[in-house]
Amino acid sequence: MVEGSLPIESFLEKYASRLEAWVSSLQLDLPPESQSRSRLERGLPWIEAEGLKPDPAQATEVLRDLLSDLRASAMSNLPVLDRVLDAVRTEKISGAAFLKALLDRDGATVDSMAERVGVPTQILHFIGVFFARPFLAAAHKGFDPSSVGAEEAGALCPVCGQEPALAVLMVDDGRRRLWCRCCGAAWTVRRLRCLSCGNEDSASLGYFSLEGEIGRRVDYCEKCRRYIKTIDLRAGGGVQDRLPGDMDDLTSGDLDDAAVREGFIPLMGEEVSAEWRRTGMGSERERGGLS
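None of the values given here were measured: they were computed from a predicted structure. (Residues numbered from 1 in each chain as written. Predicted model: local features only at pLDDT ≥ 70, side-chain atom pairs only at ≥ 80, totals over all residues. Heavy atoms only, no water.)

Bringing the overall build of the chain into the picture now. When helices and strands are tallied, the chain shows ten helices and eight strands. Counting across all 291 residues of the chain, residues that qualify as buried make up 49%. Considering only contacts in the chain between residues 6 or more positions apart, those separated by 24 or more positions represent 69%. For the chain, the exposed surface amounts to about 13400 Å²; the carbon and sulfur share of it is 47%. (Helix = DSSP H or I, 4+ residues; strand = E, 2+ residues; numbered from the N terminus. Buried < 20%, exposed > 50% of the residue type's maximum accessible area, 1.4 Å probe, protein only. Contact = heavy atoms within 4.5 Å. Areas by Shrake-Rupley, 256 points an atom, 1.4 Å probe, with all protein chains shown as cover.)

Here is the structure:
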């Protein structure tokens, strides 16, 4: 982060509690479930994110709470967060306008907001992921992950249409599930297939892990040079099946750094992924074929 650091566990614990309360209280004008199911059947995401019309007052309230939690969790005073929080309080940044730009994937508007209040653009994009998620998660209503077959499922989130941040190999049967950082949804996909180009040639699909790491790796495709961070629960010695989440994402920047040094490109938009990346470990690695 800029001008300081955040104790990740403290913030995420508070965020998880807030998220549940937000999702249950947000007022959204959602389309009928039949319309959402029809979208899914046509290969479109369950929700049309840019069509969501959240209550402006609720958007501002969520943003203020989120920023206050971030600031309270900071290990040291972070002037950059103070500036963003002050901009929201004085309406230099409108919560509703910020949320609309995020849902519309309008990065230029987010950049313009950051420039207007004098903060790094990466900070607003970072905050934006956590800000937009409650509204996207609230729009999950009626969505059943099992309705998306693994053979037909693609890399884009079937709920919000954005790219996954992480994959996980489950303990029980080794199935591969993807996790969406933007809305928090998870879905099962075919394991031996590139999420970017659809390559199924095992000779050009592989993975590497950092020296000393257990259960964390980078799955990559030599054909399109894309990669995704993967949590392999089978390497955990009896660890129960679970979905990955923000903690796995935020603390695995060393994998991102190693993958980028090797010339691979993240599936997730680089503008957002860069803020997650941390200065990492060496690039010693163990190579292997995907399994």
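Another aspect to go through is unusual backbone geometry. The phi dihedral of Glu-91 is positive, around 65°, even though this residue is not glycine. Within the secondary structure layout, Glu-91 lies in the loop between α4 (79–89) and α5 (95–103). Owing to a relative accessible area of 66%, Glu-91 belongs among the exposed residues under this scheme. In this structure, Arg-225 is a non-glycine residue whose phi angle is positive, near 65°. As for its placement among the helices and strands, Arg-225 is situated in the loop between β5 (216–221) and β6 (226–232).

Moving on, we get to the packing of helix α1 (residues 8–25) against helix α7 (residues 121–138). At a closest axis distance of 9 Å, the pairing of α1 and α7 adopts a crossing angle of 35°. For the crossing formed where α1 meets α7, the hand is right-handed. Across from Phe-11, Leu-12, Tyr-15, Leu-19, Trp-22 and Val-23 in α1, the residues of α7 making contact are Phe-130, Arg-133, Pro-134, Ala-137 and Ala-138. Of the residues that constitute the contact of α1 with α7, the class distribution is ten nonpolar, no polar and one charged. (Axes fitted to C-alpha atoms, helices over the stretch in contact; angles between N-to-C directions. Left-handed = near helix turned anticlockwise from the far one by under 90°. Nonpolar A, V, L, I, M, F, W, Y, C, P; charged D, E, K, R; others polar.)

Looking at α4, one finds that the buried residues are Val-80, Leu-81, Val-84, Leu-85, Ala-87 and Val-88. Along the long axis of α4, the arc covered by the buried residues comes to 160°, so they all point the same way. As for α4, its buried residues are in contact with α3 (56–72), α6 (107–117) and α7. Where α4 terminates, the next one or two residues include Glu-91, which has phi positive at roughly 65°. (Arc of directions from axis to C-beta.)

Most of strand β4 (residues 205–210) is tucked away, with six of its six residues classed as buried. The alternating pattern of β4 places Leu-205, Tyr-207 and Ser-209 on one face and Gly-206, Phe-208 and Leu-210 on the opposite face, and all of these are buried. Of the pairings in the sheet, the one linking β4 to β5 comprises four bridges and is antiparallel in character. Pairing of Tyr-207 across the sheet is with Asp-219, part of β5. Here β4 hands over to β5 after five residues, with Gly-212 in that stretch at a positive phi of 85°. (Pairing = 2+ DSSP bridges.)

Before going further, it helps to examine the pattern of salt bridges. Tallied over the full model, the rule gives 19 salt bridges. With a shortest N-O distance of 2.7 Å, Lys-100 and Asp-104 are connected by a salt bridge. Looking at Lys-100, the relative accessible area reads 52%, which means it is exposed. Glu-200 serves as the salt-bridge partner of Arg-193, at 3.3 Å between the closest nitrogen and oxygen. In this structure, a network of salt bridges that share partners links the residues Arg-181, Lys-229, Asp-249 and Asp-256. (Salt bridge = Lys/Arg side-chain N within 4 Å of Asp/Glu carboxyl O.)

Tracing the backbone shows Cys-197 in the loop between β3 (186–189) and β4. Exposure remark for Cys-197: the relative accessible area of 35% places this residue in the partly exposed category. On a C-alpha basis, the gap between Cys-197 and Cys-221 in space is 8.6 Å, while along the polypeptide they are 24 residues apart. Aside from chain neighbours lying at most four places away, what touches Cys-197 is Cys-221, Lys-223 and Cys-224.

Before going further, it helps to examine the packing of α5 against α6. Closest axis-to-axis distance for the α5/α6 pair is 8 Å, and the angle between their directions is 145°. Listed contacts from α6 to Ala-97, Phe-98, Ala-101 and Leu-102 of α5 are Thr-109, Val-110 and Met-113. Taken together, the residues of the contact of α5 with α6 break down into six nonpolar, one polar and no charged.

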